[in-house]
Amino acid sequence: ACAALAVAGHNWPIYLKFKGGKGVATSAGALLALAPAAIGVGLLTWLLVFLATRYVSVASIAAAGAAAGAGWFLAAWPTALLLTVLSAVIIWRHKANIQRLRAGTELRFQFRKSK
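As a convention, each chain's residues are numbered from 1 in the sequence order in which they are written. In view of the model being predicted, local features appear only for residues whose pLDDT reaches at least 70, and side-chain atom pairs are presented and counted only at 80 or more, with totals across whole chains, interfaces and linings using the full set of residues. To get the side-chain values, all heavy atoms of the structure are used, and hydrogens and water are removed first.

Quick notes on the overall build of the protein chain
Phase 1 of the analysis: Numbering of helices and strands runs from the N terminus, with a helix taken as a DSSP run of H or I at least four residues long and a strand as a DSSP run of E at least two residues long. A count of helical and extended segments in the protein chain gives six helices and zero strands.
Phase 2 of the analysis: Taking 115 residues into account, the globule formula puts the C-alpha radius of gyration at 13 Å, and the protein chain, at 15 Å, falls close to it.
Phase 3 of the analysis: On the principal axes, the C-alpha backbone points of the protein chain span a range of 50 × 35 × 25 Å.
Phase 4 of the analysis: Exposed residues in this analysis have more than 50% of their type's maximum accessible area, buried residues have under 20%, and partly exposed residues fall in between, with area computed by a 1.4 Å probe over protein chains only. Sorting the 115 residues of the protein chain into buried and exposed places 31% on the buried side.
Phase 5 of the analysis: Taking as baseline every contact in the protein chain between residues at least 6 positions apart, the subset at least 24 positions apart corresponds to 59%. Both definitions apply: the radius of gyration is a C-alpha atom measure, and the globule rule equals 2.2 Å times residues to the power 0.38. We call two residues in contact when some of their heavy atoms are within 4.5 Å.

Listed below in structure tokens is the structure:
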């Protein structure tokens, strides 16, 4: 419950008129103690997808799905359910990124400065 409330506070902060982040790092940090193996799978997935695509949003969505899926095999069912709900929130919060990906306008991470 505390993990879900921490993510909600970061996603919809009152002092920013309910416009916050997407909850990826907050979810990972809050669940690290509850499901470290599942979060490890998510972090590894994030890294591999990011290096392959250079899209942070794609890597975050893939990591959320991978962590939720791993949670059903590596954690107790209440924790797996929490992972699934938080993953759904993360993916839902990325809807604008998904639209930009479909339109081909999402920005890629650049490892070097453009000339």
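Considerations on helix α2 (residues 24-31)
Phase 1 of the analysis: Residues of α2 that are buried: Thr26, Ser27 and Leu31. Along the long axis of α2, the arc covered by the buried residues comes to 115 degrees, so they all point the same way. α2 presents Ala25 and Gly29 as exposed residues on the side facing more than 90 degrees away from its buried surface.
Phase 2 of the analysis: In this fold, the buried residues of α2 make contact with α1 (2-11), α3 (36-53) and α5 (77-93). In this description, the arc belongs to the directions extending from the helix axis to the C-beta atoms.

Focus on the nonpolar core
If you look at soluble globular proteins, the nonpolar side chains tend to sit buried side by side.
Phase 1 of the analysis: Among buried residues, those of type Ala, Val, Leu, Ile, Met, Phe, Trp, Tyr and Cys that are joined through side-chain atoms within 4.5 Å constitute a nonpolar core. Of all hydrophobic cores here, the largest spans eleven residues; its members are Ala3, Val7, Leu31, Ala35, Ala38, Ile39, Ala67, Ala70, Leu82, Leu83 and Leu86.
Phase 2 of the analysis: Broken down by secondary-structure element, the contributors of at least two residues to this core are α1, α3, α4 (56-74) and α5.
Phase 3 of the analysis: The greatest single-element share of this core, amounting to three residues, is contributed by α5.
Phase 4 of the analysis: Discounting residues that sit within four places of it in the chain, Leu31 has contacts with Ala3, Pro36, Ile39, Leu82, Leu83 and Leu86.

Focus on the side chain of Arg93
Phase 1 of the analysis: Looking at the secondary structure, you find Arg93 in helix α5.
Phase 2 of the analysis: Here a polar contact means two N or O atoms within 3.5 Å. Within protein one must be a hydrogen donor candidate and the other an acceptor candidate, and residues neighboring in sequence count only if both atoms are side-chain atoms. Only 3.2 Å separates the side chain of Arg93 from the backbone oxygen of Asn11, close enough to count as a polar contact.

Side note on the packing of aromatic side chains
Phase 1 of the analysis: For Phe, Tyr and Trp, rings pair up if their centres lie within 6.5 Å, where Trp contributes its six-membered ring, and each pair is then called stacked (planes under 30 degrees apart), edge-to-face (over 60) or tilted (otherwise). Across all of its chains, the model carries five aromatic pairs by this definition.
Phase 2 of the analysis: A ring pair is formed by Phe50 and Phe111, whose centres lie 6.0 Å apart and whose planes are at 65 degrees; its orientation type is edge-to-face. Highlighted residues: Phe50 in helix α3 and Phe111 in the segment after α6 (95-103), separated in sequence by 61 residues.
Phase 3 of the analysis: With a relative accessible area of 8%, Phe50 lands in the buried category.
Phase 4 of the analysis: Ring geometry for Phe109 against Phe111: centres 5.1 Å apart, planes inclined by 75 degrees, an arrangement best described as edge-to-face.
Phase 5 of the analysis: What makes Phe109 partly exposed here is its relative accessible area of 39%.
Phase 6 of the analysis: The class for Phe111 is exposed, based on a relative accessible area of 54%.

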